[in-house]
Amino acid sequence: MADRRGGADDGGAIDWESLAAAAHAAMLHAYAPYSRFPVGAAALTEDGRIVSGANVENASYGLTLCAECTMVGQLQMTGGGRLTAFYCVDSTGALLMPCGRCRQLLYEFRAPGMVLMTTAGIRTMHDVLPDAFGPQPLEELS
């Protein structure tokens, strides 16, 4: 099990247990009839809200939505904002790492200093997606 403790610089002020519980609760709403691998994700926003999501599969596998996708949808539907901490679980409560596409999605909606609970402990967004492409180059073109 990952170390859920932390100091001030590594997510120590975050209530990781509440995020884990929210991710697990979201997982219970997953639609995973094909993979039978329900996933739940939860994140803390800068204003203290917890947003969550679950994977939603489709018979055309490429159209499947990861839990992070539905979570970001909930973020936008409940006032927007930026994510400060992230947690993702499977049906047993085991920690999961976001796939590459979802890491990019999380990067887009991150707050400065966003952290993720991983199987290796608390990691920064830069740790899990180094040299990321973000909105800055596109904003510079406008």
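Below: a short report on this structure. Going along each chain's sequence as written, the residues are numbered from 1 onward. Only residues with pLDDT of at least 70 get local features here, since the model is predicted, and only at 80 or more are side-chain atom pairs given and counted; chain-wide, interface and lining totals rely on the full set of residues. Heavy atoms throughout the structure, all of them, feed into the side-chain values; hydrogens and water do not.

**Concerning the overall build of the chain**
Piece 1. Secondary structure elements are taken from DSSP: a helix is a run of H or I of four residues or more, a strand is a run of E of two residues or more, and numbering for both begins at the N terminus. When you go through the chain residue by residue, the secondary structure sums to 5 helices and 5 strands.
Piece 2. When the elements of the chain are put in sequence order from the N terminus, they spell out α-β-β-α-β-α-β-β-α-α.
Piece 3. Residue burial is assigned from relative accessible area. The probe radius is 1.4 Å, only protein chains are included, and a residue is buried under 20% of its type maximum, exposed over 50%, and partly exposed in between. Considering the chain as a whole, with its 142 residues, one finds that 41% of them fall into the buried category.
Piece 4. Throughout, the Shrake-Rupley method with a 1.4 Å probe supplies accessible areas, and for residues the shown protein chains are the sole cover considered. With the model as given, the accessible surface of the chain reaches about 7600 Å², and the carbon-plus-sulfur share is 56%.
Piece 5. Under the counting rule used here, the positive set is Lys and Arg, the negative set is Asp and Glu, and His together with the chain ends is not counted. Where a charge sits is defined by one atom per residue type, namely NZ (Lys), CZ (Arg), CG (Asp) or CD (Glu). Mean positive and mean negative side-chain charge positions of the chain (9 and 15 charges, respectively) differ by 5 Å.

**Focus: the pattern of salt bridges**
Piece 1. Salt bridges are identified by distance alone: a Lys or Arg side-chain nitrogen within 4 Å of an Asp or Glu carboxyl oxygen. Taken as a whole and assessed by the stated rule, the structure comprises 1 salt bridge.
Piece 2. For Asp47, the salt bridge is made with Arg49, and the minimal N-O distance between the two is 3.0 Å.
Piece 3. Overall, Asp47 belongs to the exposed group, its relative accessible area being 56%.

**Digging into the sheet that holds strand β3 (residues 83-90)**
Piece 1. Between any two strands, at least two bridges found by DSSP are needed for them to pair. Spatially, β2-β1-β3-β4-β5 is the arrangement adopted by the 5 strands of the open sheet, whose pairing is mixed. Each edge of the open sheet is held by one strand with a lone partner, namely β2 (50-54) and β5 (121-124). Across the sheet, the mean angle separating the axes of adjacent strands is 20° when strand polarity is ignored.
Piece 2. When strand β1 (residues 39-45) meets β3, the two strands line up antiparallel, connected through 7 bridges. Axis lines are fitted to C-alpha atoms, over the contacting stretch for helices. Their N-to-C directions set the angle, which ranges from 0 to 180 degrees.

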